[in-house]
Each structure stands twice: as C-alpha cells, then as structure tokens.
Amino acid sequence: MFWILFLLLAWAGVLTSAARLLRAATEAADPAPRPAAARRPGKLNLYEAAYLAGGPERVAVLTLLSMERRHRLLLARTGWATVLDPVARDAHERAVLAAFGPDGQSPVSALREAAAAHSAVRALADRLDEAGLAVPCGVREAVADGVRSVRWAAVLVVAMAGAALVVPADGADVSKVLYWFALPVLLAVCCLAIAGPGGPAHSPWASPAGRRLLVALDSDRAPADPLAAVAVRGLSAVPDPDLRAALGRL
C-alpha cells in the first residue's frame, strides 16, 4: 500500500491550493466596505467599463479605437498608427499622443503599452476601487496566485500517480489506483472551472457591484454602441477584421 503515501501527498497539495484559491475568491466576491462605497455611480462611462471588464489593456484598446473612429488616428493592419489630429481630449488620449515619435507614427503595440501604463489608468483604478466597483490589486493577484497553485497541484497529482504506478502496488488493481488519483484531479479541475469563466458577469477586475453595472451596460448600450461593445467584450466586438488585426498586434 505504499502508493497511498503518494495519494496523500497529492491530496495535500490539491486541498492546500484549493483552500488558498477559495480564500482569495471569497475576498474578491465580498470586498471590504469602503467609505466611498455609498457614492457609487448609477452608470459607468466607457473608460470605467473598459477597466472593469478587461483592465488597463482594455482601456488602451478603447482609447485607440475611439480616436480612430473620430478620425484622429489612422490604424493600419500592419500594426502602425499615424496621428491625424494631435489635440488630446482627455488624459487617456494624451498618453497615446505622447507615445508617438516626431514623425507622427508609432507601432500600435507601443501606444497600447503607453496608454495602459499611464497615470490616468491608475487614477481610474483607484476611483473604482474606492467606489467598491473594482477588485483591489492585492486581492486580484491573490486570486491569480491561487489559480496558479491549483494548476501546479494538478501537475503534482499526475506526477504522484505516475510514481504510484511505478512502485509495487501490493496487489492493488491499477484501475483502482488511477480512480483514487482521479478524485484530486477532478477537484482541481472544478476549482479552475469555477475561477476561469469570462465575460462581463465574471470579470476578475470588477467587484460584484461592478459586474452588475457591466451587465447593465452590456444589455442597454453595447448592442447599439460599438465603443460600448468593445469596452465590455473586448476586441472580439470589433467588426472590421483589419482594424481588429491592427489593435490586436503586440
């Protein structure tokens, strides 16, 4: 019955990582109350929606697409952008324009990086956090760490199962050994399935209150407003394949 020691190690790894993920997910689902929570907005603007749905990268994509639709940027399928109107309307657009070279051209990837890392996005995140609409950075990182630990635990289970099959099983049937190791694998897969769904109702950036506002925006504005659709759903909502290719280049 030496294989049971490997099974116990596998269960220990899965249970520890699952508990870690559960604690982080619980904290993300029920964030601590904030003094500013009573002043939550009834509706989101598009930058707020983009951050809650997809984080800083989504804000950058929305900014570029908004400027392109207003003929202030030209985005080429090759992954290069050209300035058509150098006057910024807000801090997010200033971040984009500041990333252009003196010739008024820049790779789209550089613009996305600059817009995502700009202080305007950090200020936006702080406001949403204070309003109770965004998941705090530390909690979000704890959830991501929990997901990674569950994945490694699943790898550990497979390794322990392989080791159990190598050592003498003292008469135990191979199918029985595999059955017992399948249970911790199933637990790990279930944890990852619960933590992994996408879409506005499951955004890792938004608190439950923020997700409700995202779902409302997705129902009310996204069907008729292309920018709202991109804010909530991402690049998949861009109908033009050339524009989608330009924005998606890294």
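Draft legend 1. Representation of the overall build of the protein chain in the model. Per the secondary structure count, the protein chain includes ten helices and three strands. Evaluated residue by residue, the protein chain yields a buried proportion of 42% over its 250 residues. Long-range pairs, those at least 24 residues apart, make up 71% of the contacts in the protein chain with a sequence separation of at least 6. For the protein chain, the accessible area works out to roughly 13,000 Å², and carbon and sulfur atoms hold 63% of it.

Draft legend 2. Seen up close, the sheet that holds strand E3 (residues 105-107). Strand order in the open sheet formed by three strands is E1-E2-E3, and the pairing between neighbours is antiparallel. Here the strands that pair on one side only, and so sit at the sheet edges, are strand E1 (73-75) and E3. With strand direction ignored, the average angle separating the axes of adjacent strands in the sheet is 25°. Pairing of E1 with strand E2 (residues 80-83) involves three bridges; the strand directions are antiparallel.

Draft legend 3. The side chain of arginine 72, seen in detail. Looking at where arginine 72 falls in the secondary structure, it is placed in the loop between helix H2 (46-69) and E1. What makes arginine 72 buried here is its relative accessible area of 3%. With near-sequence residues (within four places) excluded, arginine 72 lies in contact with Met67, Thr82, Val83, Leu84, Asp85, Val87, Ala88, Arg89 and Glu93.

Draft legend 4. Structural detail: the nonpolar core. In terms of nonpolar packing, the biggest core is built from 46 residues, with Tyr51 and Leu52 touching the most fellow members. Taken together, the elements giving at least two residues each to this core come down to H2, E1, helix H3 (91-98), helix H4 (108-117), helix H5 (119-130), helix H8 (208-220), helix H9 (226-233) and helix H10 (241-248). Per element, the largest residue contribution to this core is 14 residues, and it comes from H2. Setting aside its immediate chain neighbours within four residues, leucine 52 contacts Leu44, Leu128, Leu133, Ala134, Ser203, Trp205, Ala206, Gly210 and Leu214. In terms of nonpolar packing, the next biggest core, distinct from the first, is built from 13 residues, Phe6, Val157, Ala164 and Val177 among them.

Draft legend 5. Representation of the environment of serine 236. Tracing the sequence through the fold places serine 236 in the loop between H9 and H10. For serine 236, a relative accessible area of 63% translates into the label exposed. Sequence separation between serine 236 and glycine 248 is twelve residues; the distance between their C-alpha atoms is 9.9 Å. Among the polar contacts made by the side chain of serine 236, one reaches the main-chain carbonyl oxygen of arginine 233 at a distance of 3.3 Å.

Draft legend 6. Broad picture of the state of the cysteines. Per the counting criterion, the structure on display carries zero disulfides. In this structure cysteine 190 is not part of a disulfide, and its nearest cysteine sulfur, from cysteine 191, lies 7.1 Å away. On the accessibility criterion, cysteine 190 (38% relative accessible area) is partly exposed. Note on cysteine 191: relative accessible area 17%, which makes it buried.

Draft legend 7. Region of the structure containing the packing of H2 against H9. Packing of H2 against H9 leaves a shortest axis separation of 7 Å and a crossing angle of 140°. Accordingly, the angle class assigned to the pair H2 and H9 is oblique. Considering how the two elements wind past one another, H2 and H9 form a crossing that is right-handed. Residues Leu46, Ala49, Ala50, Ala53, Arg58, Val61, Leu62, Leu65, Ser66 and Arg69 of H2 touch H9, and the partners they reach there are Pro226, Leu227, Ala228, Val230, Ala231, Val232 and Arg233. Of the residues contributing to the contact of H2 with H9, the split by class is 13 nonpolar, one polar and three charged.

Draft legend 8. Examining the environment of leucine 192 more closely. As for its position among the elements, leucine 192 is in helix H7 (residues 174-195). By relative accessible area, leucine 192 is classed as partly exposed at 25%. Each residue touching leucine 192, except ones within four places of it in the same chain, is listed here: Val147, Val150 and Arg151.

Draft legend 9. A look at H2. An ideal rise of 1.5 Å per residue puts 34 Å on 24 residues; H2 reaches only 14 Å between its terminal C-alpha atoms. Within H2, the axis deviates most sharply at glycine 54, by approximately 135°, and proline proline 56 lies no more than four positions further along. With 19 of 24 residues buried, H2 is to be regarded as a mostly interior element. Of the residues that open H2, the one with a side-chain oxygen 3.1 Å from the backbone nitrogen of tyrosine 47 is asparagine 45.

About the criteria used
Residues numbered from 1 in each chain as written. Predicted model: local features only at pLDDT ≥ 70, side-chain atom pairs only at ≥ 80, totals over all residues. Heavy atoms only, no water. Helix = DSSP H or I, 4+ residues; strand = E, 2+ residues; numbered from the N terminus. Buried < 20%, exposed > 50% of the residue type's maximum accessible area, 1.4 Å probe, protein only. Contact = heavy atoms within 4.5 Å. Areas by Shrake-Rupley, 256 points an atom, 1.4 Å probe, with all protein chains shown as cover. Pairing = 2+ DSSP bridges. Axes fitted to C-alpha atoms, helices over the stretch in contact; angles between N-to-C directions. Core = buried A, V, L, I, M, F, W, Y, C linked by side-chain atoms within 4.5 Å. Polar contact = N/O pair within 3.5 Å; in protein donor to acceptor, adjacent residues only side chain to side chain. Disulfide = S-S within 2.5 Å. Parallel < 35°, antiparallel > 145°, perpendicular 65-115°, else oblique. Left-handed = near helix turned anticlockwise from the far one by under 90°. Nonpolar A, V, L, I, M, F, W, Y, C, P; charged D, E, K, R; others polar. Expected span 1.5 Å × (residues − 1). Bend = angle between axes of the 7 residues up to and from the residue.

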